[in-house]
Amino acid sequence: MKNNALTKDEVQNLPRIWPSVAGVAGISVVLVILGHVWDAVHGSRLVNSWSITVVAAIVLSVGWHYRKPITDWLVSLQFSIALLGVILLATAVGTVVLQGQSPGDFRAKYGPSTGPFLQMLGADDIFHSFPFRGLLALLSLSLGAVIVRKRAWRPSEWFFLFNHGGVIVILLGGLIGCYGGLKGFIDIHQGEVAKKFVLNDRFGKRTEETVPLDFGLKLDKFEIDRLVPEWRLYVYEDHKGSGMPTVSRSLEEATAWTEAGHAGESFRLVAVYPDFDLKTELQEVPPGEGRPAAQIRSFDKEGNVSVRVIYAGVEDEDSLYFPENRTLLRFYWSESDVKVQTETRPERHVIAHKLVGSEAAEDIVVKVGEEREIGAGVTMTVTAFYPDFGYDGKKKQAYSRSTEPKNPALELNVRYPTGTTERRWLFANKPDFNTGSGPEGEALAFSYRYFPERKAADREVALIGSTKQLLDYRHGELTERLPLPDGPEEKLAKGVAAKLLKLVECAREVQTPISRSDKWRRPAAEVEIRAGGVTEKVFLKSNAPVEIGPAGSLLVFQTKPEDIKSFRSSVTVLSGGNTVHTATISVNHPLSWGGYRFYQSNFRREDPTYSGILVVKDPGLGVAYLGFIMMCIGIICRFYVTPWLARKRAPVERTTA
Amino acid sequence: MSLSHSVREESLIAAVIATHAVAIVLWAIGTLSRRKPLVTASAWTFGAAFSLNVLLMGDRWVEAGRAPFKTLYETLLLYPLCVGAATLVLLGLHRLRVLIPFSSGICIFGLAWALAKPDVEIVNLPPALQSAWFVPHVVTYFIAYATLFASCVLAVLALAKPSWRSEETGQGFEDGANLAVKFGFATLSLGVVMGAMWGKEAWGDYWSWDPKENWALVSWLAYLIYLHIRLMRGWSGRRSMAVCVVSFAAVVFTYLGMSLLPTAQDSVHVYSQP
């Protein structure tokens with residue numbers, strides 16, 4: 001094998017390699033210096049056709065005078081090995097030193113002495129630097145020289161010609177692409193026509209410069225295919241810092257206890273709510289644990305219905321006011337408690353907030369414009385009040401349809417310790433808790449009750465729980481005593497637009513998690529977490545991590561990443577207003593037109609009609625590909641066909657010998 | 001990935017590891033006691049381990065619904081498969097049975113690593129990887145990596161026992177190493193070129209000085225230097241074998257070292273784990 005690969009031409013008499021290594025290293029230093037000299041004189045009056053001619057003539061004549069030793073060295077194995085070694089080293093350096101940084105960033109990164117030194121060597125952008133290109137030119141020169149010296153165009157040396165010449169051809173293709181090529185970007189929306197593109201610099205960053213196209217590229221349609229979102233439970237071990245989950249479980253699998261990574265830590269999925277919300281229900285409890293409660297459905301002329309619970313003996317919560325009739329319905333358990341209200345009470349906004357799963361809700365009375373800290377670093381600002389909430393979808397603004405408190409809503413700005421803020425609306429007619437994420441990512445629930453300004457009521461209807469009676473007071477005087485209606489379908493009393501749904505002597509409100517629909521609108525998972533022998537129930541809002549135990553593992557309810565299956569642009573090429581070509585561009589399937597290639601490059605999640613298209617012009621592409629093919633054929637054939645041909649020839653040679 | 005699949009995969013990996021371990025034991029006993037049938041049995045056991053590895057890969061391919069070459073974990077299953085194939089070819093063509101313990105060893109290493117750090121789920125293939133080039137590019141590269149591993153082992157053996165000759169073929173370790181380098185270099189070249197052509201289709205450039213590309217170039221250049229050193233009188237023996245060993249270090253770094261590089265943040269080639 002060894003002897004087959006060796007020919008007399010290739011065997012050199014100089015087995016010492018270090019002089020060549022030193023020589024190539026010297027040339028590299030000269031290239032670095034030359035680069036700086038060129039930078040210094042470039043553009044000055046010193047550089048003109050005369051001076052270039054003179055320098056070229058001197059270099060060429062010196063080179064011609066020493067052509068024999070120079071070419072001997074260029075075609076030597078020592079030189080090629082040394083040169084390949086230096087290119088190898090430069091390439092490796094280019095992966096260790098950050099490339100393409102701004103000069104300032106680069107110095108900041110590498111310090112005031114190392115930074116400028118590396119910059120002086122061109123190491124901050126090694127692959128586009130003068131010395132590196134010089135080495136590649138030298139490689140081409142050496143390959144060319146060895147092809148000539150070996151007279152590699154002879155049929156017997158074709159494979160040698162192919163693999164050595166192939167490299168020259170690839171570098172030539174690269175050179176043509178470098179000087180004749182362009183790269184840029186088109187940001188386009190559905191329906192728009194691009195007639196130019198923005199030029200990129202060599203690191204892919206956009207410049208100010210644009211290049212006109214001599215045709216128009218119209219984006220007819222942009223489509224993104226998403227995979228069906230797969231909701232799963234993930235465990236991240238934060239201290240590992242890899243950003244990779246250590247456990248992933250499908251919802252089905254997660255219903256079994258799953259180890260979370262640290263000893264004694266595990267979790268189990270109890271329930272999933274695709275469209276999570278909390279429903280308030282009245283639950284009867286033993287005496288002493290609750291209060292007398294009446295669940296009432298009230299409605300107005302326009303048919304707006306709301307279900308409310310009022311509690312006897314609790315201020316603000318014991319009554320409903322019907323502004324249309326200036327009538328107050330107030331709930332007492334026994335008649336002896338009745339105390340008719342005669343003074344006017346101002347408008348009040350009461351917010352209750354609590355972490356889901358925790359028992360206690362805290363009531364606070366707020367005013368518009370007020371900022372309140374509601375614990376655990378969460379701050380809430382009441383930004384607006386809409387008595388009759390409406391939403392303008394075009395302006396993306398809330399407004400009030402009227403001044404009547406038909407659909408009272410409070411606008412809040414909630415700021416979390418992480419710095420994120422969230423705008424949300426609370427609706428008095430939908431007193432069920434509105435959920436959001438809490439400071440640690442757990443669900444934070446709000447409820448809102450609105451008490452309109454209550455003039456000294458003309459009329460107060462007292463609902464007496466123990467005797468099931470209604471006492472009608474007008475201007476403070478008892479005028480009528482009525483029994484409660486028979487069923488929940490009947491109106492309580494004339495002028496009181498409400499029906500009594502439930503009356504309980506001792507009750508408590510209970511929030512039960514529900515899913516409002518099957519759609520994955522506001523997914524939440526109810527999970528049991530066990531750590532250190534304690535089992536705790538937690539509601540996980542989507543994408544909001546919750547700590548599992550003291551070791552810092554996080555449990556996250558989220559969809560599987562990489563949800564984009566494909567994205568593509570349907571485009572039309574227009575020339576003089578006429579359609580000349582239509583195509584679909586997708587990743588891995590560019591469009592070639594007019595000397596350019598158009599690549600599907602970007603999409604924006606928040607801007608679904610946007611398509612980012614990369615534009616590349618590379619006139620050297622065909623040449624480079626020819627080089628690739630030549631090189632591969634050359635390598636394979638020189639390894640496997642040449643020895644085979646030699647073996648075929650060998651017996652003949654033996655007989656002739 | 002379902003739990004049942006990950007359990008099955010774990011047992012399959014364990015089975016491949018166990019079979020490779022048996023091959024090593026058989027080889028060691030056979031070689032030390034000079035019992036040829038045992039060494040032959042070791043080769044067959046190695047073949048069985050390879051077959052199980054094929055099954056393992058096929059199972060994951062079916063489960064994933066795509067070629068399982070995306071993550072580090074998946075390549076840790078692919079690499080032993082390619083080492084198996086390369087070793088079997090070298091066994092068949094050149095009777096290099098000495099490779100068995102080393103190849104089995106590296107397979108056990110890769111698979112044990114995979115067992116220790118399994119993917120928690122099967123990740124979806126991003127659009128750029130959904131290409132006809134994906135399978136040929138990766139497989140060609142891994143065959144190259146596997147063959148070059150064999151060349152490295154043989155080069156180390158050549159440095160240790162330069163005068164050893166096979167009774168069957170009359171060749172020494174150096175010849176074997178050289179054979180393996182040639183095949184490895186040819187596949188490496190094909191892999192680079194395929195990668196370049198894929199890069200052109202996917203990102204618009206056949207070469208973008210990406211750290212992985214650069215290290216592929218570094219390993220390619222290292223073997224190119226080896227090939228030229230082989231032609232130099234007085235350098236073809238020990239020196240070339242040393243270069244062969246060092247060159248494989250570049251391959252290992254190209255495969256596994258990318259995340260250590262400061263420039264790797266923007267690379268499209270750094271193995272992701274789900």
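Quick note: structure is the one above.
Presented here is a report on the structure given in the accompanying data block. Remember, it's a predicted structure, so these values are computed and weren't measured experimentally. (Residues numbered from 1 in each chain as written. Chains lettered and ligands numbered in written order. Predicted model: local features only at pLDDT ≥ 70, side-chain atom pairs only at ≥ 80, totals over all residues. Heavy atoms only, no water.)

## Side note on the overall build of chain B
Now for step 1: The number of helices and strands found in chain B is eight helices and zero strands.
Now for step 2: What you see for chain B is a C-alpha radius of gyration of 19 Å, in line with the 19 Å of a compact globule of 274 residues.
Now for step 3: Along the longest, intermediate and shortest principal axes, the C-alpha atoms of chain B span 50 × 45 × 30 Å.
Now for step 4: A buried classification covers 60% of the 274 residues belonging to chain B.
Now for step 5: Contacts in chain B between residues at least 24 apart in sequence constitute 78% of all its contacts with a sequence separation of at least 6.
Now for step 6: For chain B, the computed accessible surface area is about 10500 Å², with 68% contributed by carbon and sulfur atoms.
Now for step 7: Of the side-chain charges in chain B, 19 are positive and 16 negative, and the distance between the mean point of each set is 15 Å. (Helix = DSSP H or I, 4+ residues; strand = E, 2+ residues; numbered from the N terminus. Rg over C-alpha atoms; globule rule 2.2 N^0.38 Å. Buried < 20%, exposed > 50% of the residue type's maximum accessible area, 1.4 Å probe, protein only. Contact = heavy atoms within 4.5 Å. Areas by Shrake-Rupley, 256 points an atom, 1.4 Å probe, with all protein chains shown as cover. Lys, Arg positive; Asp, Glu negative; His and termini not counted. Charge placed at Lys NZ, Arg CZ, Asp CG, Glu CD.)

## Things to note about the pairing of strand β27 (residues 496–515) of chain A
All names here are of chain A.
Now for step 1: Sheet analysis places strand β8 (residues 276–284) next to β27, joined by nine bridges and oriented antiparallel. Each bridged residue has a counterpart across the sheet, and for E281 the counterpart in β27 is V510.
Now for step 2: Examined bridge by bridge, strand β9 (residues 291–299) and β27 share seven bridges and lie antiparallel to one another. Within β27, the position partnered with Q295 by the bridge is K502.
Now for step 3: As paired elements, strand β26 (residues 491–493) and β27 share two bridges and run antiparallel to each other. Looking at the pairing, A493 lines up with V496 of β27. (Pairing = 2+ DSSP bridges.)

## Here we look at the interface of chain A and chain B
Now for step 1: Taken together, the contacts link 68 residues of chain A with 58 residues of chain B.
Now for step 2: Of the roughly 5600 Å² buried between chain A and chain B, counting both surfaces, carbon and sulfur atoms make up 66%.
Now for step 3: The tally of links from chain A across to chain B stands at three salt bridges.
Now for step 4: The salt bridge partner of E201 of chain B is R597 of chain A, with a shortest N-O separation of 3.0 Å.
Now for step 5: Along the contact surface separating chain A from chain B lie 14 residue pairs in polar contact (both at pLDDT 80 or more).
Now for step 6: In terms of residues, the side of chain A that touches chain B owes the most to one element, helix α5 (residues 77–96) of chain A, which gives 13 residues.
Now for step 7: Each residue belonging to the side of chain A that touches chain B can be placed in one class, and the counts come to 40 nonpolar, 17 polar and eleven charged. (Buried area = accessible area lost by both parts, 1.4 Å probe. Salt bridge = Lys/Arg side-chain N within 4 Å of Asp/Glu carboxyl O. Polar contact = N/O pair within 3.5 Å; in protein donor to acceptor, adjacent residues only side chain to side chain. Nonpolar A, V, L, I, M, F, W, Y, C, P; charged D, E, K, R; others polar.)

## Observations regarding the sheet that holds strand β6 (residues 258–259) of chain A
All names here are of chain A.
Now for step 1: Ordered by their spatial adjacency, four strands build an open sheet running β6-β7-β28-β29, and the pairing between neighbours is antiparallel. The open sheet terminates on both sides in strands that have one partner only, identified here as β6 and β29 (534–541).
Now for step 2: Here seven bridges tie strand β7 (residues 266–273) to strand β28 (residues 524–531), and the two strands are oriented antiparallel to one another. Pairing of F267 across the sheet is with I529, part of β28.

## Some remarks on the nonpolar core
Now for step 1: Membership of the largest hydrophobic core comes to 126 residues, with the highest contact counts inside it found for Y79, F142 and W220 of chain B.
Now for step 2: The element contributing the most residues to this core is helix α5 (residues 134–160) of chain B, with 16 residues.
Now for step 3: Residues in contact with W220 of chain B, not counting those within four places in the same chain, are M631 and I635 of chain A together with F185, L188 and S189 of chain B. (Core = buried A, V, L, I, M, F, W, Y, C linked by side-chain atoms within 4.5 Å.)

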